[in-house]
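Notes for the structure review
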Amino acid sequence: MAVTPPVALVPVPAEEYDEFFAMLATYHAELDTYDPHAEDWDAEVHRRAVLDDMEGREVSWVLADGERAGLLMVRVLPDWPDESREVASIAEFYVAPPFRRRGVGREAIVALLADHRARGTFEVEAGILALNEPARAFWASLGFEVRNIVTARRP
Ligand SMILES: CC(C)(COP(=O)(O)OP(=O)(O)OC[C@H]1O[C@@H](n2cnc3c(N)ncnc32)[C@H](O)[C@@H]1OP(=O)(O)O)[C@@H](O)C(=O)NCCC(=O)NCCS
């Protein structure tokens, strides 16, 4: 069995945003392979949209043995309709191919869950593309349950 390296979540400082968004673009190119309706990805438009709307966003590097192995973007916002409690939505989560299947993703999410347990967050959620079987298996292995399914079509 592969040995899991020590894993840490480290906030991304603003001076490393270029590298963060570059890794994010690589991740989205991979996600597009699971989305038959994927449209051309404009990394610059996406970057501006994220940076213009930072309320509740927490962006981290996933470090494995001190090496940059992936990224995590979480959005922590008041729940609805009970705004007295918070929900953390995992917006982006990526472990780069050389680091996969060694428990790096698992350890990163275990650390995230411990952080939110300590903060009193009500729930942590993650959206998954329906065809992304590895991600479905990953979140299920961590105890995340399928709660709802989004359907869509062109009008
Ligand atoms: C999904 C992803 C984050 C998993 O990261 P990882 O570090 O490889 O995951 P781990 O090694 O911690 O795996 C933990 C468990 O998840 C499940 N799992 C992970 N990858 C899997 C795969 N490709 N196929 C089936 N099960 C998988 C297994 O149960 C695994 O435990 P095991 O290795 O003991 O069998 C990574 O493959 C990735 O970044 N993929 C591309 C981006 C993506 O889909 N992100 C999620 C968006 S919702």
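Report follows, based on the coordinates.

**Observations regarding the sheet that holds strand S2 (residues 57-64)**
With mixed pairing, five strands are arranged side by side in an open sheet as S1-S2-S3-S4-S5. Looking at which strands have only one partner, the edges of the open sheet turn out to be strand S1 (7-11) and strand S5 (123-126). Averaged over all neighbouring strand pairs, the angle between strand axes comes to 30°, with direction disregarded. Pairing geometry for S2 and strand S3 (residues 67-78), over eight bridges, is antiparallel. Across the sheet, residue Glu-58 finds its bridge partner in S3, namely Val-74. In the packing of helix H3 (residues 104-119) onto the sheet, the strands contacted are S1, S2, S3, strand S4 (86-95) and S5, and the crossing angle to S4 comes to about 165°.

**Things to note about the site of the ligand**
The full set close to the ligand counts 21 residues, and Phe-93, Val-95, Gly-105, Arg-106 and Asn-132 are the nearest of them. Within the contact set of the ligand, a nitrogen atom lies 2.8 Å away from a backbone nitrogen or oxygen of Phe-93. Asn-132 is positioned with one of its side-chain polar atoms (N or O) 2.8 Å from an oxygen atom of the ligand. Residue assignment for the shell around the ligand shows that the elements contributing at least two residues are helix H1 (17-32), S4, H3 and helix H4 (133-141). Sort the elements by how many residues they give to the shell around the ligand and H4 lands first, with six residues. Residue classes in the shell around the ligand are distributed as eleven nonpolar, five polar and five charged.

**Quick word on unusual backbone geometry**
Following Trp-80, the chain continues to Pro-81 via a peptide bond in cis, the omega torsion being 5°. Residue placement: Pro-81 occurs in the loop between S3 and S4. Of note in the backbone geometry, Asp-65 takes a positive phi value of approximately 55° without being a glycine. Topologically, Asp-65 is positioned in the loop between S2 and S3. A relative accessible area of 57% places Asp-65 in the exposed class. Located in the positive-phi region is Arg-101, a residue other than glycine, with phi close to 60°. Along the chain, the position of Arg-101 falls in the loop between S4 and H3.

What counts and what doesn't
Residue positions are given per chain, counting from 1 as you read along its sequence in written order. pLDDT decides what is reported in this predicted model: residues at 70 or higher carry local features, side-chain atom pairs at 80 or more are listed and counted, and totals for whole chains, interfaces and linings draw on all residues regardless. Note: side-chain values were computed over all heavy atoms of the structure, leaving out hydrogens and water. Two strands are counted as paired when DSSP detects at least two bridges linking them. Numbering of helices and strands starts at the N terminus; helices are DSSP runs of H or I of at least 4 residues and strands are runs of E of at least 2. In this analysis an axis means a line fitted to C-alpha atoms, helices contributing only their contacting stretch, and an angle means the value between N-to-C directions, from 0 to 180 degrees. By the convention used here, residues are in contact when the closest approach between their heavy atoms is within 4.5 Å. If a single non-hydrogen atom of a residue is within 4 Å of a molecule or strand, that residue counts as near it. In protein, a polar contact requires one atom able to donate a hydrogen and another able to accept it; more generally it is a pair of N or O atoms within 3.5 Å, and residues adjacent in sequence count only if both atoms are side-chain atoms. Note on residue categories: nonpolar means Ala, Val, Leu, Ile, Met, Phe, Trp, Tyr, Cys or Pro, charged means Asp, Glu, Lys or Arg, and polar means any other residue, Gly included. Type-normalised accessible area, obtained with a 1.4 Å probe on protein chains alone, sets the label of each residue: buried when under 20%, exposed when over 50%, and partly exposed for intermediate values.

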